[in-house]
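One letter stands for each residue in the lines below.
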Amino acid sequence: MTHVQSGPTCTQILAWFGADVIKIERPGEGDATRSQLRDIPDVDSLYFTMLNSNKRSVTLNPKTDAGARIFTRLIEECDVLVENYAPGAIDRMGFPWEKIQQINPRMIYASVKGFGPGPYEDCKVYENVAQCTGGAASTTGEVDSLPLVTGAQIGDSGTGMHLVAGILAALFHREKSGRGQRVTCAMQDAVLNLCRVKLRDQQRLARGPLMEYPQFLNGGFSHAVPRAGNASGGGHPGSVVRCKGWETDPDAYIYVIAQAGAFPALARVIGHEDWLNDPEFNTPEARLHKLDYVFSEIEKWTTTMDKMDVMATLNPLNVPNGPILSMKELAEEPALRETGTVVEVEHPERGKYLTVGNPIKLSDSPAEVRRSPLLGEHTDEVLRDVLGLDDKEIHAARREGAI
Ligand code: CAO
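Scope of this entry: the structure provided in the associated data block. (Residues numbered from 1 in each chain as written. Predicted model: local features only at pLDDT ≥ 70, side-chain atom pairs only at ≥ 80, totals over all residues. Heavy atoms only, no water.)

Some points on the overall build of the protein chain
Regarding its fold elements, the protein chain presents 17 helices and 10 strands. Projecting the C-alpha coordinates of the protein chain onto the three principal axes gives extents of approximately 85 × 45 × 40 Å. Within the protein chain, contacts between residues separated by at least 24 positions form 65% of all contacts whose residues are at least 6 apart in sequence. Counting only carbon and sulfur atoms, one obtains 54% of the accessible surface of the protein chain, whose full area is about 20,700 Å². Side chains of the protein chain give 42 positive and 54 negative charges; the mean places of these two sets differ by 5 Å. (Helix = DSSP H or I, 4+ residues; strand = E, 2+ residues; numbered from the N terminus. Contact = heavy atoms within 4.5 Å. Areas by Shrake-Rupley, 256 points an atom, 1.4 Å probe, with all protein chains shown as cover. Lys, Arg positive; Asp, Glu negative; His and termini not counted. Charge placed at Lys NZ, Arg CZ, Asp CG, Glu CD.)

Side note on the site of the ligand
Within the structure, the ligand sits among 24 residues, and Arg26, Ala86, Lys124, Val125 and Asp156 are positioned closest to it. One nitrogen or oxygen atom from the main chain of Leu60 is found 2.9 Å from a nitrogen atom belonging to the ligand. In the model, an oxygen atom of the ligand is placed 2.6 Å from a nitrogen or oxygen of the Asp156 side chain. If the ligand stood free it would expose 950 Å²; the protein chains cover 84% of that surface. Classifying every residue of the shell around the ligand gives 11 nonpolar, six polar and seven charged. (Near = heavy atom within 4 Å. Polar contact = N/O pair within 3.5 Å; in protein donor to acceptor, adjacent residues only side chain to side chain. Nonpolar A, V, L, I, M, F, W, Y, C, P; charged D, E, K, R; others polar.)

Things to note about helix 9 (residues 196–205)
A turn of α-helix holds 3.6 residues, and therefore any two residues three or four places apart point the same way. Along helix 9, the residues that are buried comprise Lys198, Asp201 and Leu205. One side of helix 9 holds all its buried residues, which, seen down the axis, span an arc of 55°. (Buried < 20%, exposed > 50% of the residue type's maximum accessible area, 1.4 Å probe, protein only. Arc of directions from axis to C-beta.)

Quick look at the state of the cysteines
The final tally for this structure, using the stated rule, is zero disulfides. Here Cys78 is not cross-linked by a disulfide; its sulfur's nearest cysteine counterpart is in Cys10, at 14 Å. Here Cys123 is not disulfide-linked; the sulfur of Cys132 is the nearest cysteine sulfur, at 14 Å. (Disulfide = S-S within 2.5 Å.)

A closer look at the pattern of salt bridges
Counting across every chain of the model gives 24 salt bridges. Lys352 is paired through a salt bridge with Glu346; the nearest N and O atoms lie 3.0 Å apart. Judged by its relative accessible area of 48%, Glu346 is partly exposed. Note that Asp391 and Arg384 form a salt bridge whose closest N and O atoms lie 3.7 Å from each other. Looking at Asp391, the relative accessible area reads 54%, which means it is exposed. We classify Arg384 as partly exposed; its relative accessible area is 37%. What emerges from the salt-bridge pattern is a single network uniting Arg200, Asp201, Arg204 and Glu212. (Salt bridge = Lys/Arg side-chain N within 4 Å of Asp/Glu carboxyl O.)

Observations regarding the sheet that holds strand 3 (residues 80–83)
Strands sit in the order 3-4-5 across an open sheet of three strands; the sheet is parallel. Bordering the open sheet on either side are strand 3 and strand 5 (182–186), each of which pairs with just one other strand. Within the sheet, the average angular offset between the axes of one strand and its neighbour, ignoring direction, is 10°. Pairing of strand 4 (residues 108–113) with strand 5, which is carried by five bridges, proceeds in the parallel orientation. Considered in strand 5, the bridge of Lys113 is made with Ala186. (Pairing = 2+ DSSP bridges. Axes fitted to C-alpha atoms, helices over the stretch in contact; angles between N-to-C directions.)

Details of the layout of surface pockets
As a volume, the largest pocket reaches approximately 1,400 Å³. Surrounding the largest pocket, 42 residues form its lining, Thr150, Gly151, Ala152, Gln153 and Met327 being those nearest its centre. Those elements giving two or more residues to the lining of the largest pocket turn out to be helix 1 (6–16), helix 2 (46–49), helix 7 (157–177), helix 14 (327–332) and strand 10 (351–356). (1 Å grid on protein atoms, 1.4 Å probe; cavity = no way out; pocket = protein on both sides within 12 Å on 5 of 7 lines; lining within 4 Å. Points joined across faces, edges and corners; volume = space filled by probe spheres on them.)

Comments concerning the pairing of strand 2 (residues 55–59)
In terms of residue burial, strand 2 counts as a mostly covered element, since five of its five residues are buried. Burial of the side chains of strand 2 extends over both faces: Lys55, Ser57 and Thr59 are buried on one face and Arg56 and Val58 on the other. Relative to strand 2, strand 1 (residues 21–25) is paired through five bridges, and the arrangement is parallel. What sits directly across from Glu25, in strand 2, is Thr59.

Focus on the packing of aromatic side chains
Taken as a whole, this structure holds eight aromatic pairs when the rule is applied. Seen in terms of ring centroids, Phe115 and Tyr120 are 5.3 Å apart; in terms of plane orientation they differ by 50°. Their pairing is tilted. Put simply, the rings of Phe263, Trp275, Phe281 and Tyr293 touch in pairs and so form one group of aromatic residues. The ring of Phe263 is capped by Arg287, whose NZ or CZ atom sits 3.5 Å from the centre of that ring. (Phe/Tyr/Trp six-rings, centres within 6.5 Å; stacked < 30°, edge-to-face > 60°. Lys NZ or Arg CZ within 6 Å of the ring centre and 35° of its normal.)

Honestly, it's all geometry; don't read function into it.
Here it is, written out as C-alpha cells:
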C-alpha cells in the first residue's frame, strides 16, 4: 500500500532482497507518480518506473465490500504490510492496527508518516517539508543564503531506508517470538537522524564558537547552528575548488579536504613546500585563520587540471577529495554499470530506461533488477495463485469495482 516515493523505496529494496512485493493500487488510477513528470505521453513515468522495480501490481479498493474481503485475505497470507498514506487513511479504510493484528498476529505493519506522535501528527508531508522540519534546510546553504533543500531525497528515500531496517528487525524478532509488530518511521525523525552531526554542533555551540565553521572568522554565531556553505563537517577543513574548464562546465569542481596528516603532501604537490617550515602555516591551528588563502592557493593548482586528473594525483597522496560528478557522468560511469548500481531495464511501453539498482550488495544474494509492473498487471494472477480465488469470484469483484 505504498505510493509516491518514501514507501516505494522501502518496498523496492525488500523486493531486491527477494520479497514478493505485491503493490496495491487504486483501480483505474494507481500510484499518482505513474502520471507525474511524464516524459512520454501515456507511459508510466520514470518517477514511477525507477521506484517500483521487481514488484507485482494489483488494483484493489478495500473500501468496497469485495475489496475489503480480498484485503483481509491478503493480510492473512502476507508477512508485511507497508503503507505511507496520510495519517489515519488505512484506519479509515476499516483496517486499524488492532484489526490487522487480529486477522494475522504475525503481520508486521510498517508505516511512514511525516511526523511522529505530537502536535503535527495529522499533517501530510512531502520531501522538502521533511528536509525543512528535520533540520536539514536550516543547516544547508551558503553562509548568507536562504535555507536550502538538498538534491538527495533524505526525507523520502532516507525514511524508506530507515523503514527497511525496522521491518527486517521486526521479521527477525518474529522468528524468535512468533509475533508481528507495528513499525513506524516519521520523516522528521529520519531527517534529524541524518542531521545528527548538526545536533552535535548545536550542543558544542553552547560551549563556545565552532572553529571549523566559516562564521568563526567572519561574522560570529547566533543561537543556532548556522549554514556553513561547503565547509567540511568532520573537523578537517575542506572546500569545493574550481578545476580546468570551470568557466563553461558547471561541474568542473572538486572537493578537497586539507586533513592534517596529508597536508604536507598537499602543500608539496601544489608547489607550497615553503608552508611546511613556516609557523604561519605548518599547524592546523595556524592555518585555521588563513583557510580562504590556503584554498585559493590549492585552487590555483586545481584549475590547471581536469577534475579527474586532480583526483588521480591526490589519491596516492592520501589527500581526501571528491570530484563533483554530474548525473550524466554517473549515468555513463562503467564501474557503476559493472556493479549493477546503474542498470538498464527494458519496459514494454517505454523501451529501455536507466535506473539505480540495489546499492546494498549481498554476496550470496545478488539482486536482479526487473522492470516496474503496469497498473494491475498481476491482479488476476495474485488473486488466483496467492489467495485461491476462482474466476467467478474475480469477475464479481471486478464488476463491483473492487479490482
Ligand atoms: N483504494 C481506494 N482508496 C485508496 C487506495 C485504494 N487502493 N489507496 C489510497 N486510497 C485513498 C486513501 O484512503 C485516501 O482516502 P481518504 O482521504 O478518504 O482516507 C486517499 O486515497 C488519498 O490518500 P492520501 O491522503 O495519502 O493522498 P494525498 O495525495 O492527499 O497525500 C501524501 C499524499 C504523500 C502527502 C500523504 O499520503 C502523506 O502524508 N503520506 C505520509 C508521508 C509520506 O509518505 N510522504 C512522502 C511522500 S513522497 O514525497
